[in-house]
Structure formats: structure tokens, C-alpha cells
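Structure assessment
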Amino acid sequence: MAAALWARRGRRTAAVVGTVARSGSSRAALQSQYDALVIGGGHNGLVAAAYLQKGGLKTAVLERRHVLGGAAVSEEIVPGRMTSGEYLAVVRDLGHKHGLKVYMRDPHAFTPMLEEGVKGAPPRSLTLGSDLAMNQKEIGKFSQKDAKAYPDFVAHLEKLAGAIHPLLDAPPVDIPGVTTGSLGKRLAAAKTLTPLVKCGLKLGRNVPDFYEIVTAPIMKILNRWFDSEPLIATLATDAVIGAMTSPSSPGSGYVLLHHVMGELEKEKGAWGYVEGGMGGVSQAIASAAQSYGVDIFTEKDVAQVLVGSDGAARGVALKDGTEISSRVVLSNATPYVTFKNLTPQAALSPEFIKAINQIDYTSPVTKINVAVDKLPNFLARPTPDGIPGPHHQCSIHLNCESVEVLETAYKEAMNGRPSTNAGDEIPSVLDPTLAPPGCHVVSLFTQFTPYHIEGREWTDQDREAYADTAFDWVEQYAPGFKKSVVGRDILTPPDLERIFGLTGGNIFHGSMSLDQLYLARPLPFLSNYRSPVKGLYLCGSGTHPGGGVMGSPGFNAALTTIADLKRH
């Protein structure tokens, strides 16, 4: 019966997805000339397009796939539907005016233990949310000392995150503008120092603490605050998510800080599920952009950026031979794709191309989207069949009994061997539009997996074997999970690259390491969204402030582009 429900849902969803793809495209015919062209209909490209159009530039978005959203899309599993690609992130206000609905998650983290219960009690678990008193009670199962320290730790992180938040919504300091040119131009460029000055003033005496957390291994920070392994491992997981790094690697502290910087529905550091999957974000932003007059087209695959004899971008050529001219071109693709695949190499210097080749896109992530006909029932927090508990709406951290599990998994991946450290999400618990009644979608965000398995390509057999291993782990925590699976979609790093255009499979468009942040994202001389080709800009997550901060790169790139056009 459940399989039949999924099949019916699958047919209906296929129609819905098709409609979404077509409705994302403008009804207007593709023109031969625009003021601005945006390559890629991911969320940052759509945000950039919306603000370019609001700034008075006739703008078109060209998306190569059949559906908008880049990695933030809702596509069907076979058979069924769920979100594939990017996990939840900060959402700008564009979408809220155009049908975006968000289900807030609270509590937000659940860590079950693999252990024998005492005197017939279930195994312990750790649940964390917005209620500090409840958090302390949960942590107290493992350490009363840690329970007392936790509120101060949270306040410490929030203070640091709040101080540097202004840097996320503004372009990096314009170093060339401040140091060269006329006095007038220098004074104008000096305005870009304002967010940095505000950040420094707000940090005040906490500047050394900030410096430490962004440069130190997160284990150095966590071991100073806490003693209990489950709490440390749970927090350490957030410090390495999406990154090919370990909790003992320098700089891993920043990733943890990065994930508490944003806000959702005016709640700091909050996360939520978007109704209909992450494609709901993209569709809402696309609707906003279209309401401003942006033309949006799917299945328009850009082959090359056209560069004139004067060395400036003058439009794009599609793979079908169509040429479209424009005053400026913004690329939502990764820097590698933009400059290695789309830009004529003759327009770039050998030194620049060499630097582009050195950007780190290493990714540890394999995403497994799963359709199940029964809600997972965890030994550590059993619930009656089919009735969700508060913990089901959380990010579910598995294999977090010890930080050593993370360290071992990282080392194995660096040696070319996949190692499963799984995190679960079950968005259908809050969003009933994702699955038929009684059925659910489970999103397994797993790491660490290498791009190549001991030097060779992934095979279908490798993918299935890896998923089987991941399911075996889930089964230990929630017996009966494997029998409930009616469909699965496995996306390894090469798959994420092939399908979504994510170089190396990196969900952030480039590693979020200290050498690729702020003034050095994606390169020290390429941090202001401009490129060596006049009129060609970057607007994707490969630019500041990076992945996970929805819309900020696109917003900043649009403002930079408009300012440049006004000056010229």
C-alpha cells in the first residue's frame, strides 16, 4: 500500500516538478540584447538578478537545467519527491513576499547513543534547542559541569557571531580602491572599511577570542569548555560539516561560527525547513525577480562568455549557437567553471589561470535522499509507530559517541577510502507536502567521502555499497529503517559536480578555509566580485561570504555591478 502511495505521489510530483520548471521560465521570448545577463539560476543568481532589475538594468537569467535553484532544488526520488542538494541556510526577505513558507525547527539537534540502557531504560541521547534550561537538563545526563558551562559557551559564540555579522552583508574592503587612484576615489572606497570598523568596535576586548576561534582547531576550544564526549562530538560535527577537515585541524572553529551567524524569522542562528523543499526558496526568489521584470529561462546552456576586442564582456553564446549581447555578465557558477570553462582563455593571463587552478574545492559530502514508508524509531528515544517526536524534526547526529570517530573518518577519506559519519534530517515531519500520509523523506548528509576511491572513479556498485553501509549505521540506531526504504538517490562528490555544477562536489563553491575567506575569497586579488575581464562578475557562493549564507553573494555582486556602471 505504501509503495502504491509513493508511486501515485511520484506521478503527481513529476507533473508538479515539471510545472515548477516551466513556471520558473519567463513567458517572454529571449531577447537578443539585455543590460545584464546572469549565468545560472541558483539562489544567488536569482537574488543578483532581482537587485540588478530593481537597479534599473533589464536582466535575464540563463539556467542550463530544467529547474531553477542550482543546488537548492526540489526533485523527485524514484518514485517520490524530496529536496536534493543544498541543506538549509539563511534566506533573504525577497522570498517572504512571494509565497515562501518556513517551518521552524526547535529543538534543532538530536544525538542518540549506541549503548546499553541502564535497568531497562533506553540508551541516552542529547537533544539541543532554543530552551537553555532544557539544554542544560539534557547535557546533565552526561556532565553537570558541562551543563553549567553551556549557557556561557552559547553566549560567547553569539557575541562573536553578532560582532562579525555586518561583514556578511557587505563586500570585503576595497583594498585597491583605498590605496590607489585620486583622493576622491580613495575616499569613496574608504566607505568599504565601515563594516570592518564596526566589527572591530563591537568585538572590543573580544578580538583575541575571535582570532583564536577562526584560527584554532575547534577541539582546542571545545576541550577548554567541556568534558563530555557526546556534547563535544555533536558540536564538533557542526565545525566540519561540508568541509574536508577534522576537528583537530586549524581553522575548523570558523565553520562552527559560520553556522551560528545567520538568523531566520528574526531568530539568531535558527534553522528551518522550507515548504516543498529547498526548491521553494528558489521559486519564491524567482517569483520576486519576475515581479520586478527579470526574464528567467531554463534549459539555456551557456557555452561561452563573449569578450570583445576591447577585452570587455559583451554577452554570452549558448550551446545552441544563439548569441545574446549585454553590458555586463554575472556568473553564478563556481570560479573554476566561470574562468576555465566559460571564459575564453586568451582573455586571461597565464598567471591568473594558474591561480584559479589552485583554488581548493575538496568536498567530503555524499548526499543520500531516501523515501521511507515508516518513520524511523530510535532506540534512544522510542515513540509509538508513526507518531513523530520533537527529536524527529532535528538534525540527527549519528556516530557522535566520540570525537575519535570523526577523526578516523577524516583520515580514511584523505587516503581515498569512504567512511560514513551520517547526519539525518526528516523534513516531512514538519512539511506534509513532501510525502504521502504515513510516509516520509529522510535526507542523509554523510561524510567523509573522497572524490576518487583510492585513485579511481566511483562506480554504481561503489555508490550502492556506500549507501548500504550508511543504512547499516542508521539501522543500529533505529531498527527497521532498512525495511522501510522504498527508494533512494545517492549523490557522491562527482555526482554533485556533474548534476549541479559544483566543482569537486563542494557545496560551498570552494572550501571555507582561512586562505579562502573574506579578502581571499576566492583569491586575494578576486575578492570584490569583479574579474580581470571588464564587465564580467562573480555572484555565486565562491565569493564572499561563501556558502550557507543565502543570497549575500548575489546581493553584494549586484550592488557592486550597479555601482561600477554608474561610475562609467
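All values derive from a computational prediction rather than experimental measurement.

**Quick look at the pattern of salt bridges**
Counting across every chain of the model gives 16 salt bridges. Of the charged contacts in the structure, one is a salt bridge between Lys141 and Glu138, with a shortest N-O distance of 3.1 Å. A salt bridge links Arg224 to Glu212; the nearest nitrogen and oxygen atoms lie 2.6 Å apart. Of this pair, Arg224 sits in helix α9 (residues 218-225) while Glu212 sits in helix α8 (residues 207-215), and the two are twelve residues apart along the sequence. Accessibility expressed as a relative area gives 49% for Arg224, which makes it partly exposed. The class of Glu212 is buried, set by a relative accessible area of 17%. Put simply, Asp460, Arg463, Asp495 and Arg498 are held in one network by salt bridges that share partners.

**Quick look at the pairing of strand β7 (residues 125-128)**
Along β7, one buried face is formed by Ser125 and Thr127 and the opposite face, lined by Leu126 and Leu128, is buried too. Judged from the four bridges that link them, strand β6 (residues 109-112) and β7 form a sheet pairing that is antiparallel. Its bridge partner being in β7, Ala109 is matched across the sheet by Leu128.

**Quick word on unusual backbone geometry**
Backbone torsion omega between Gln447 and Phe448 reads 25 degrees, so that peptide bond is classified as cis. Looking at where Phe448 falls in the secondary structure, it is placed in the loop between β18 (440-447) and α16 (460-477). The omega torsion across His544 and Pro545 is 5 degrees, close enough to zero to call that bond cis. Structurally, Pro545 can be placed in the loop between β20 (536-538) and α19 (552-567). One non-glycine residue, Glu299, lies in positive phi territory at about 55 degrees. Tracing the chain through its elements places Glu299 in the loop between β11 (295-297) and β12 (302-307). Classification of Glu299 as exposed rests on a relative accessible area of 57%.

**With respect to the confidence of the model for the protein chain**
Regions with low pLDDT should not have their predicted coordinates read in detail. Per-residue confidence for the protein chain gives a mean pLDDT of 85; residues scoring 70 or more make up 84%. Scored below 50 in pLDDT, residues 1-24 makes 42 contacts in the model with residues more than four places away or belonging to other chains. Low pLDDT (under 50) marks residues 78-92, which in the prediction has 78 contacts with non-local residues, meaning those over four places away or in another chain.

The rules behind the values
Positions within a chain are numbered from 1, following the residues in the order the chain's sequence is written. Note on the predicted model: pLDDT of at least 70 is required for a residue's local features to be given, and 80 or more for side-chain atom pairs to be given and counted; whole-chain, interface and lining totals, by contrast, use all residues. In computing side-chain values, all of the structure's heavy atoms are included and hydrogens and water are not. Whenever Lys or Arg places a side-chain nitrogen within 4 Å of a carboxyl oxygen from Asp or Glu, that contact is recorded as a salt bridge. Helix numbering and strand numbering both begin at the N terminus, where a helix is a DSSP run of H or I of at least 4 residues and a strand a DSSP run of E of at least 2. Buried, partly exposed and exposed residues are distinguished by accessible area as a fraction of the type maximum, computed with a 1.4 Å probe on protein chains only: under 20%, between the cut-offs, and over 50%, respectively. At least two bridges found by DSSP between two strands are what make those strands a pair. A residue's pLDDT is the confidence the predictor assigns to it, expressed on a 0 to 100 scale. What makes two residues a contact is simply this: any of their non-hydrogen atoms within 4.5 Å.

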